[in-house]
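So you can see what is in the structure, the chains are spelled out below.
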Amino acid sequence: MKKNYFKTVILFMSVFILTVFSSCSFFSSFSEEESGINISGLTMAKPALTISVGEMSYITVNIKPADVQKDVKLTWSYDSNIITADTSSAWGVSITGVKEGQTNLKCSYDGYEATCIVTVKGFAENYEETVEPYIYSNTTIIQTSPGVTEKVFCSLYGGSAADIDGYSWTIDNASVASIEPTGQYCVITAKDSGYARIKITHPKASYPYYMGIYVFADATNVSYITTTHNILTMNMEDDEKTISVSLVNGSSSSSDSSFNWQIIDDGSSSIPVKCEANGNKAVVTPVKAGSCTLRVTHPDSAYPLDILCRVISVVKNVYIEPESEKLSIVVD
C-alpha cells in the first residue's frame with residue numbers, strides 16, 4: 001500500500017514540475033519579479049552631442065510609462081577617459097568633457113537601451129584645468145516669476161559618487177524664493193519680486209558656488225545686469241582677464257559709465273584679485289589663492305549682479321637641477 005502511495009506521489013510531482021517549467025508564463029513572471037518594475041520604452045533626448053573639454057551638458061532620459069520613471073535604476077556605460085557623468089538621476093544625465101575623443105553614452109534597463117554618441121572637441125571658453133575639486137553647474141542665473149518652481153543641480157568636479165550627500169544649500173533672502181535641497185539637487189520656488197543668492201558648499205571644495213535668482217513680476221519692464229562670465233576661475237600664473245557686463249531693458253539715457261564695480265570678500269584672509277574697472281568692462285588680475293565676489297551695480301538696474309572669482313594655486317613638482325650633467329671620476 002505504501003509502495004503504491006509513493007509511486008503516485010512521485011508521478012504527480014513529475015507531471016507538476018514538467019508542466020510548470022514548460023510554461024512560458026512561469027519564466028515571464030519570474031523575470032518580472034526579479035526586475036521589480038516593467039517598462040515599455042527607453043529613449044534619450046539626444047542621439048548625438050558635441051561638447052568641448054570643460055563644458056557641461058545635460059541629456060534628458062524618457063521612460064514609458066512615465067509614472068514609474070522615478071523608481072527605475074538605470075545602468076550606464078561610457079568611456080570615463082573622455083567624459084565624466086552624473087548618473088544618479090533616472091530623469092537624465094549631466095556630462096562634462098574631459099579630453100578630446102568620442103564615446104558611446106549608453107543607458108539600459110529591463111532589455112531596453114538607448115545610446116547617445118558624445119564627441120568631445122576643442123576647449124570651452126575660459127576652461128581652466130585644476131587639480132583640486134570644485135563645484136560646478138550649468139545654472140548661474142535664474143530669471144523667473146512668483147509662483148514658478150524650478151529644479152537645479154550641481155556636481156563636484158574631481159569628486160565621486162560617495163560625495164553626493166555632502167552639499168549644503170543656503171539662500172540669503174528667503175522672502176524672494178524658497179529652496180528644498182536634496183543632495184546635489186534643489187527645488188527653487190519663486191515667492192516675490194526681488195533678488196536672492198544661493199550659496200552651495202561641499203567639504204571637499206575649497207570655494208563655494210553661487211546661483212543668482214531674479215524674480216520679476218514682469219520681466220519685460222524690469223532693468224537688470226547680465227554677463228557671460230558669472231564665474232571666473234584663474235590660476236596664480238595666469239595673466240589678467242577682462243570681463244564685461246550689459247544692462248537689459250535700460251532706458252535711452254542709461255550709460256555704461258554708470259556701472260559700479262565692488263569687490264566683496266567671501267571669507268578669505270585678504271582679497272585674492274585686483275580689479276580695474278572702466279564702464280561696463282573690468283580687468284581682473286589674480287593676486288593670491290582665494291575666493292571673492294565682484295558685485296556690479298547700475299542706477300537703472302533694480303538688482304545687482306554678482307560674479308564669483310576663484311584664484312587657485314597649482315603646485316608644480318620641485319626638483320634639483322645640477323650645475324653640470326657630466327661627472328668625471330678618477331680611479332687610482
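Note: the structure precedes this text.
None of the values given here were measured: they were computed from a predicted structure.

Q: Please clarify how the overall build of the protein chain should be interpreted in this entry.
A: Helix and strand content of the protein chain: two helices and 25 strands. A buried classification covers 37% of the 332 residues belonging to the protein chain. In the protein chain, the share of contacts with a sequence separation of at least 24, taken over all contacts with a separation of at least 6, comes to 59%. Split by element, the accessible area of the protein chain, about 19200 Å² in all, is 52% carbon and sulfur.

Q: Would you mind showing me how to read the sheet that holds strand β21 (residues 260-265) here?
A: The strands making up a sheet are joined through hydrogen bonds of the backbone, oriented either antiparallel or parallel. Pairing within the open sheet is mixed, and its four strands lie in the order β19-β25-β24-β21. The open sheet is flanked by β19 (231-235) and β21, the only strands paired with a single partner. The mean inter-strand angle of the sheet, taken between neighbouring strand axes irrespective of direction, is 25°. Bridge count for strand β24 (residues 290-297) against strand β25 (residues 305-312) is seven bridges, and the pairing is antiparallel. Residue pairing across strands places L294 opposite I307, the latter belonging to β25.

Q: Hey, could you run me through the sheet that holds strand β13 (residues 168-171) in this one?
A: As summarised here, the arrangement of the four strands in space is β10-β17-β16-β13, forming an open sheet in which the pairing is mixed. With one partner strand each, in any of the chains shown, β10 (141-144) and β13 form the two edges of the open sheet. This sheet shows a mean twist of 20° between the axes of neighbouring strands, independent of strand direction. Where strand β16 (residues 194-201) lies against strand β17 (residues 209-215), seven bridges are found, and the strand directions are antiparallel. Its bridge partner being in β17, I200 is matched across the sheet by Y209.

Q: It is not clear to me how the side chain of S155 should be interpreted in this structure. Could you clarify?
A: With respect to the secondary-structure elements, S155 resides in strand β12 (residues 155-157). Polar side-chain contacts of S155 include one of 3.4 Å to the side chain of Q184. Discounting chain neighbours no more than four positions away, the residues touching S155 are M56, D86, S94, Y134, I135, Y136, Y167 and Q184.

Q: Help me understand the pairing of β16, please; the structure alone is not making it clear to me.
A: On any regular strand, side chains alternate: one points to one face of the sheet, the next to the other face. Summarising burial for β16: six of the eight residues are buried, a large majority. Pairing geometry for β13 and β16, over four bridges, is antiparallel. When the bridges of β16 are listed, T170 appears paired with K199.

Q: Is there a simple way to explain the packing of aromatic side chains in this structure?
A: In this description, a pair of aromatic rings is defined by centroid distance and the angle of the planes. Tallied over the entire structure, the rule returns nine aromatic pairs. Between F153 and Y185 the ring centres are 6.1 Å apart and the planes differ by 40°, which places this aromatic pair in the tilted class. Of this pair, F153 sits in strand β11 (residues 149-153) while Y185 sits in strand β15 (residues 185-190); the two residues are 32 residues apart in sequence, bridging distant segments of the chain. The exposure classification of F153 matches that of Y185, with both residues buried. Considering the side-chain rings of Y214 and F216, the 5.8 Å spacing of their centres and the 20° angle between planes classify their relative orientation as stacked. Across this residue pair, the class does not change: Y214 and F216 are buried.

Q: Just checking my understanding: could you explain the environment of K241 for this structure?
A: The residue K241 is located in strand β20 (residues 241-248) in this model. Judged by its relative accessible area of 17%, K241 falls in the buried class.

Q: Please explain the pattern of salt bridges as it appears in this structure.
A: Once their charged atoms are close, side chains differing in charge can pair, the charge on each being opposite to the other. Considering all chains together, one arrives at five salt bridges under this definition. Note that D71 and K70 form a salt bridge whose closest N and O atoms lie 3.2 Å from each other. Using a relative accessible area of 42% as the deciding quantity, one classes D71 as partly exposed. Taking relative accessible area as the criterion, K70 reaches 54% and is therefore assigned exposed. Among the ionic pairs, E276 bridges to K274, the shortest N-O distance being 4.0 Å. When its relative accessible area of 44% is taken as the criterion, K274 is described as partly exposed. Ionic contacts of the salt-bridge type, sharing partners, join the residues R197, R295 and D306 into one network.

Q: Mind showing me how you'd approach unusual backbone geometry here?
A: Keep in mind that most residues, glycine aside, have a negative phi and that most peptide bonds are trans. A cis amide bond, omega -5°, links K64 with the succeeding residue P65. In the Ramachandran plot, D110 falls in the positive-phi region, its phi being about 55° despite a non-glycine side chain. Positionally, D110 belongs in the loop between β7 (101-109) and β8 (112-123). We note that N249 has phi near 60°; this positive angle belongs to a residue other than glycine. By the secondary structure assignment, N249 is in the loop between β20 and β21.

Q: For this particular structure, what's the right way to read the nonpolar core?
A: Taken as a class, soluble globular proteins show a tendency for nonpolar side chains to be buried jointly. Among the nonpolar cores identified, the biggest contains 26 residues, and M44, I95 and L105 are the most heavily contacted of them. In terms of residues, this core owes the most to one element, β8, which gives four residues. Ignoring sequence-local partners within four residues, the contact set of L105 consists of M44, I59, W76, S77, Y78, I83, V93, I95, A114, T115, C116 and V118.

Rules of the game
- Residues numbered from 1 in each chain as written.
- Predicted model: local features only at pLDDT ≥ 70, side-chain atom pairs only at ≥ 80, totals over all residues.
- Heavy atoms only, no water.
- Helix = DSSP H or I, 4+ residues; strand = E, 2+ residues; numbered from the N terminus.
- Buried < 20%, exposed > 50% of the residue type's maximum accessible area, 1.4 Å probe, protein only.
- Contact = heavy atoms within 4.5 Å.
- Areas by Shrake-Rupley, 256 points an atom, 1.4 Å probe, with all protein chains shown as cover.
- Pairing = 2+ DSSP bridges.
- Axes fitted to C-alpha atoms, helices over the stretch in contact; angles between N-to-C directions.
- Polar contact = N/O pair within 3.5 Å; in protein donor to acceptor, adjacent residues only side chain to side chain.
- Phe/Tyr/Trp six-rings, centres within 6.5 Å; stacked < 30°, edge-to-face > 60°.
- Salt bridge = Lys/Arg side-chain N within 4 Å of Asp/Glu carboxyl O.
- Core = buried A, V, L, I, M, F, W, Y, C linked by side-chain atoms within 4.5 Å.

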